[in-house]
Amino acid sequence: MRIDSFCVVGGGSSGWMTAAALLRAFPEKDITIIEPKDRNIIGVGESTLGHINRFFRFLGLSDRDWMPYCSATYKSSIAFQNFRDGEGERFQYPFGRIDHSDYRSDYMTFFELRARFPQHYPPEEFARFFNPNTIMAEENRITSDYVCNEHQSWRFSEDTAYHMDSEKFGEYLDKEYCKDAITRVYGTVSGGVKAPDGRLASVIVDDGTGVAQVVKADLFIDCTGFKSVVLEGIMGSEFVSFNDVLFNDTAYAARVDYTDRENQMDLYTDCVGLSSGWVWNIPLWDRVGTGYVFSKKYIDPDIAYEEFVEYIAKRYSPKVADAAQYKLINIRHGKRKKAWVQNVVGIGLAYGFLEPLESTGLMTTHENILYLIDTLMRRNQVTRIDVDSYNYTVDNAIESMKNFITMHYVLTGRDDTKYWRDCANVDFAGKNDLFQIKEDPLTWHSMLQSRLEYYQLFDGLRKNFWSEDKFAGLIYIAAGQDFSPINEFNVYEAHHLYPVRKSTINDYHKQWQEDRKAIYNAVRQLQTHYEYLRDYIYVEKD
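From a predicted model like this one, the values you see are computed outputs, not experimental measurements.

Undergrad: Help me understand the nonpolar core in this model?
TA: Soluble globular proteins: nonpolar side chains tend toward being buried together. With 157 residues, the main nonpolar core has W66, Y74, L173, L376 and Y409 as its most contacted residues. Beyond its immediate stretch of four places on either side in the chain, W66 contacts F56, L61, A72, Y162, M164, F169 and Y172. L200, V215, F220 and M235 belong to the second-largest nonpolar core, a separate cluster that totals 17 residues.

Undergrad: Looking at this model, I keep getting lost on the pairing of strand β2 (residues 30-35). Mind explaining?
TA: On a regular strand, each side chain points to the face opposite its neighbour's, so the side chains alternate between the two faces of the sheet. Across the 6 residues that make up β2, a large majority, 5, are buried. Sheet topology places strand β1 (residues 5-9) next to β2; 5 bridges connect them, and they run parallel. Looking at the pairing, S5 lines up with D30 of β2. Taken together, β1, helix α1 (residues 12-25) and β2 form a β-α-β motif whose crossover is right-handed.

Undergrad: Whenever I open this one, the pattern of salt bridges confuses me. Can you help?
TA: Working definition: two side chains of opposite charge can pair if their charged atoms are close together. All chains considered together, the criterion is met by 33 salt bridges. Taking the shortest distance from any N to any O, the salt bridge between R104 and D99 comes out at 3.1 Å. Exposure class is identical for R104 and D99. Each is buried. One connected set of salt bridges, linked through shared partners, spans R90, D266, D270 and R315.

Undergrad: Is there a simple way to think about the packing of aromatic side chains in this case?
TA: Remark: the centre distance and the inter-plane angle together describe each pair of aromatic rings, the angle taken between the planes. Following the criterion strictly, the structure yields 49 aromatic pairs and no others. Pairing W285 with Y538 gives two aromatic rings, centres 4.1 Å apart and planes at 5°, and the pair type is stacked. Note that W285 is positioned in the loop between β16 (277-283) and β17 (288-294) and Y538 in the segment after α21 (529-536), a separation of 253 residues in sequence. Positioned over the ring face of F239 is R332, at 3.8 Å from the centre of the ring. The ring of F242 has K402 sitting right over it, with the charged end atom 4.8 Å from the ring centre.

Scoring rules and cut-offs
- Every chain is numbered independently, its residues counted from 1 as its sequence is written.
- Under the rules for a predicted model, residues below a pLDDT of 70 receive no local features and side-chain atom pairs below 80 are neither given nor counted, while totals for whole chains, interfaces and linings still include all residues.
- Side-chain calculation: all heavy atoms of the structure are included, whereas hydrogens and water are not.
- Residues grouped as a nonpolar core are buried Ala, Val, Leu, Ile, Met, Phe, Trp, Tyr and Cys residues, joined through side-chain atoms within 4.5 Å.
- Think of it in three bands: residues with accessible area under 20% of the maximum for their type are buried, residues over 50% are exposed, and the middle band is partly exposed, with areas taken using a 1.4 Å probe on protein chains only.
- The contact criterion used is simple: two residues touch if any of their non-hydrogen atoms lie within 4.5 Å.
- Starting at the N terminus, helices and strands are each numbered in turn, a helix being any DSSP run of H or I of at least four residues and a strand any DSSP run of E of at least two.
- Any two strands are treated as partners once DSSP identifies two or more bridges connecting them.
- Crossover handedness is defined by viewing with both strands directed away from the observer: a clockwise path from the first strand over the helix to the second marks the crossover as right-handed.
- Basic side-chain nitrogens of Lys or Arg form a salt bridge, by our definition, when they fall within 4 Å of a carboxyl oxygen of Asp or Glu.
- Centres within 6.5 Å make a pair out of two Phe, Tyr or Trp rings, where for Trp the six-membered ring is used; the pair is then stacked when the planes are under 30 degrees apart, edge-to-face when over 60, and tilted otherwise.
- Whether a charge sits over a ring depends on NZ of Lys or CZ of Arg being within 6 Å of the ring centre and within 35 degrees of the ring normal.

Shown next, in the form of structure tokens:
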């Protein structure tokens, strides 16, 4: 199949990200985008991961090009509050490289230290110990330069992602990036015409005038959101639900005002557990995006609304809570069985969706776009092996992310509500083909390598702690959730057999306490997140 023309169905962030990438890769080809004049955009995918930097580099965009237009801020971590005990505790999943230098050469050192000096090494200290970027996130400090001798692993361009207004980002790509290089058709797709071989020959567009418009293309990219009008609706790629392991099916979303912008403009996405789900807090330049993700099975939406309003009133102010506009969103966890069917590809929500606990909304969008671009640029035509390879790659990615997100709940220690008790008792190993996963395309290593090697779920997780080459985000989550691969009796026995190790651990403790103090002192001299944005990104705006 030769592809000389593209039709992107649906606008919004996913549609315009797709159109922009196609324009960048194939400026000589015909690109059409179909979108309604009045767009009803979900707009909750406002938090990103570091992977998005590759997408920006591909488009040739610098931060100052697009951030002011999209009210964007930086992000260097994801925080989880009330996920372990529900008592206000918070741990971080920071971006950046693990520091395996000197006394931090292996993960067991931390757990030995914790057994010997428990008051100094609570679960949340794990991230600080191995990745001092955690301290920068917690202190809300940022720099594009050197931090200190004790923390030399910080890399600004690699260790930051973004909080953004995704609706404005789509608008920016439309008006400022694509401009007049793309054909725009306004309306909604009401049907399609298939060729004898099953390919989609054209789509029928209803623009509200009563006169249908026919749009032809060699490749159609469905960006119509949860409706998946083309991939599922016309091409019949069936929906596969993830509700057996991910319970949340509803969200209230709101935009709220700052009451203390400089101090509330966090350098991390804050995820806060409530009675029957969790709340996201995404600080933008001019407001905060927030929302309560919950399950109707465990809480009535009206009660969830009251709980959410109470949360906002407590975190910001009663006035802010009263002024906010709340939008109810139905969540459809899952994926289409195939992302690419014949000459139709689903991108964004049209292919699949996972709750935004790990900021995967925009990630699945831009990563799948880049996978698609890689496939199309490989040679002058597309054959069955290209389609199958693409489908395998994106399916493996979303399954890996599903497993990763599920582990946030499986590892919880909360038992204060039925919601959290049921989350902790998900039959995760039995319902997922987890044992067959080795490496996934996002470099999130599975906690289990094979059925024969690691049959027991937690034994596999424990063994990951012993192997620095298998480090993954899961280790941050497990450590933050108080999962320890060893206990004080193991350490006592080891130090009994090898007394020199006890002395070594005492020296490591002294060294970390000195380094820790030096890092905190250096970090607190840096600009706050707000100050950095004010001086380097929003120079002309404020």
